[in-house]
Amino acid sequence: MFDADLARRIRLVGLDVDGVLTDNGIYVGMVHGEPAELKRFDIQDGIGIVLLKLAGIRVVMLSGRRSEATAIRGEELAVDACLQVHHARKVPAFTELLERFGVAWDEAAFLGDDLPDVPVLRRVGLPVAVANATPDAQRLARHVTRAAGGRGAVREFVEDLLRARGEWGTTVQAYLGEREQVPA
Ligand SMILES: [Mg+2]
């Protein structure tokens with residue numbers, strides 16, 4: 001569980017993609033004669049992202065490589081931003097995102113799993129590593145999830161964060177309320 005003051009300070013959550021929103025695997029091959037790359041995302045993580053947004057927290061995806069699969073998933077989840085940067089240079093991209101949304105580094109959380117995330121994890125107020133993260137990423141993290149990337153790590157983080165803020169129950173009620181309305 002997170003410190004309540006720290007959890008309440010968070011206004012933006014950044015998510016690495018490969019190894020955090022996925023199990024780190026990519027499926028590479030040919031589809032209809034064209035090179036194609038497929039990834040497996042976790043649906044419960046997706047609901048977690050919806051809950052974060054309902055709680056008024058911005059969500060951004062930040063990947064160190066380009067993939068159409070990532071863009072499609074980011075669009076489906078309607079995240080506040082989905083950036084895919086060359087050569088995994090994440091600090092300039094994340095700095096720009098924070099400026100765009102008027103959020104300070106200590107008001108941001110970031111979930112990462114590997115070396116490209118380390119420079120961002122060093123700067124954010126709440127650095128989080130997933131269970132399958134490399135030792136370098138885990139050492140920097142203030143919290144390590146029990147679940148692995150692509151296997152519910154994001155959903156677990158969301159629930160822990162919202163519980164620490166005292167917002168889990170109200171957010172779930174808001175989610176359910178939107179879905180319990182019966183057309184007149
Ligand atoms: Mg990664």
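Caption draft 1: Fine view of the side chain of Gln-84. Relative to the helices and strands, Gln-84 resides in strand β5 (residues 81-84). For Gln-84, a relative accessible area of 13% corresponds to the buried category. Within polar-contact distance, the side chain of Gln-84 engages the backbone nitrogen of Ser-67 at 2.6 Å. Those residues within four positions of Gln-84 in sequence are excluded, and the remaining contacts are Ser-63, Arg-65, Arg-66, Ser-67, Thr-70 and Ala-71.

Caption draft 2: Summary view of the nonpolar core. Val-13, Phe-94, Leu-126, Phe-157 and Leu-161 are the most contacted members of the largest nonpolar core, which totals 55 residues. A per-element tally of this core places helix α7 (residues 153-164) first, with 7 residues.

Caption draft 3: Expanded view of the coordination of the magnesium ion. In this structure, Asp-16 (OD), Asp-18 (O) and Asp-113 (OD) serve as the protein donors to the magnesium ion, at separations of 2.1 to 2.2 Å. Binding-site remark: the magnesium ion is held by donors from one chain whose sequence spacing is D-x1-D-x94-D.

Caption draft 4: Quick peek at helix α4 (residues 90-101). Compared with an ideal rise of 1.5 Å per residue, which puts 12 residues at 16 Å, α4 spans 17 Å between its outermost C-alpha atoms and is within 8% of the ideal. All of the buried residues in α4 are Lys-90, Val-91, Ala-93, Phe-94, Leu-97, Leu-98 and Phe-101. For α4, the arc enclosing every buried residue in end-on projection is 165°, short of the 170-degree limit, so these residues lie on one face. Opposite the buried face of α4, at more than 90 degrees from it, the exposed residues are Pro-92 and Glu-99. For α4, the secondary structure elements touched by its buried residues are β1 (12-15), β4 (58-63), β5, β6 (108-112) and α5 (118-121). Positive backbone phi, at 65°, marks Gly-102, one or two positions downstream of α4.

Caption draft 5: Geometry of the packing of helix α2 (residues 43-54) against helix α8 (residues 168-179). The geometry of α2 relative to α8 is characterised by a closest axis approach of 10 Å and an angle of 105° between their N-to-C directions. Considering their axes alone, α2 and α8 lie roughly perpendicular with respect to each other. Facing α2, whose interface residues are Ile-47, Val-50, Leu-51 and Leu-54, α8 presents Trp-168, Thr-171, Ala-174, Tyr-175 and Glu-178.

Caption draft 6: Spatial organisation of α8. Given a rise of 1.5 Å per residue, 12 residues ought to cover 16 Å, and the 17 Å separating the end C-alpha atoms of α8 matches this to within 8%. Along α8, the residues classified as buried are Trp-168, Thr-171 and Tyr-175. Buried residues along α8 cover an arc of 75° about the axis, so they all sit on one side. Within α8, the exposed residues directed more than 90 degrees away from the buried face are Thr-170 and Gln-173. Its buried side turned inward, α8 meets α2 and α7.

Caption draft 7: Representation of the packing of aromatic side chains. Under the counting rule described, the total for this entry stands at 3 aromatic pairs. Between Phe-2 and Phe-157, the ring centres sit 5.7 Å apart and the planes meet at 70°, which makes this aromatic pair edge-to-face. Within this pair, whereas Phe-2 is found in the segment before α1 (4-9), its partner Phe-157 is found in helix α7, the two being separated by 155 residues in sequence. Residue Phe-157 is classed as buried on the basis of its relative accessible area of 0%. Ring geometry for Phe-94 and Phe-110: centres 5.4 Å apart, planes at 80°, overall edge-to-face. Taken as a pair, Phe-94 in helix α4 and Phe-110 in strand β6 lie far apart in primary sequence, 16 residues in all. Phe-94 sits in the buried class, given a relative accessible area of 0%. Its relative accessible area of 0% is what places Phe-110 among the buried residues. By way of ring pairs, the aromatic residues Phe-94, Trp-105 and Phe-110 are connected into one cluster.

Caption draft 8: Examining unusual backbone geometry more closely. Even without a glycine there, the phi angle at Asn-24 is positive, about 85°. In this structure, Asn-24 sits in the loop between β1 and β2 (27-31). With phi around 50°, His-32 is a residue other than glycine that occupies positive phi space. Along the chain, His-32 falls in the loop between β2 and β3 (34-38). On the basis of relative accessibility, which here comes to 81%, the residue His-32 falls in the exposed class.

Here is what the cut-offs are and how they apply
- Residues numbered from 1 in each chain as written.
- Predicted model: local features only at pLDDT ≥ 70, side-chain atom pairs only at ≥ 80, totals over all residues.
- Heavy atoms only, no water.
- Helix = DSSP H or I, 4+ residues; strand = E, 2+ residues; numbered from the N terminus.
- Buried < 20%, exposed > 50% of the residue type's maximum accessible area, 1.4 Å probe, protein only.
- Polar contact = N/O pair within 3.5 Å; in protein donor to acceptor, adjacent residues only side chain to side chain.
- Contact = heavy atoms within 4.5 Å.
- Core = buried A, V, L, I, M, F, W, Y, C linked by side-chain atoms within 4.5 Å.
- Donors = N, O, S within 2.8 Å, 3.2 Å for Na, K, Ca; no water.
- Expected span 1.5 Å × (residues − 1).
- Arc of directions from axis to C-beta.
- Axes fitted to C-alpha atoms, helices over the stretch in contact; angles between N-to-C directions.
- Parallel < 35°, antiparallel > 145°, perpendicular 65-115°, else oblique.
- Phe/Tyr/Trp six-rings, centres within 6.5 Å; stacked < 30°, edge-to-face > 60°.

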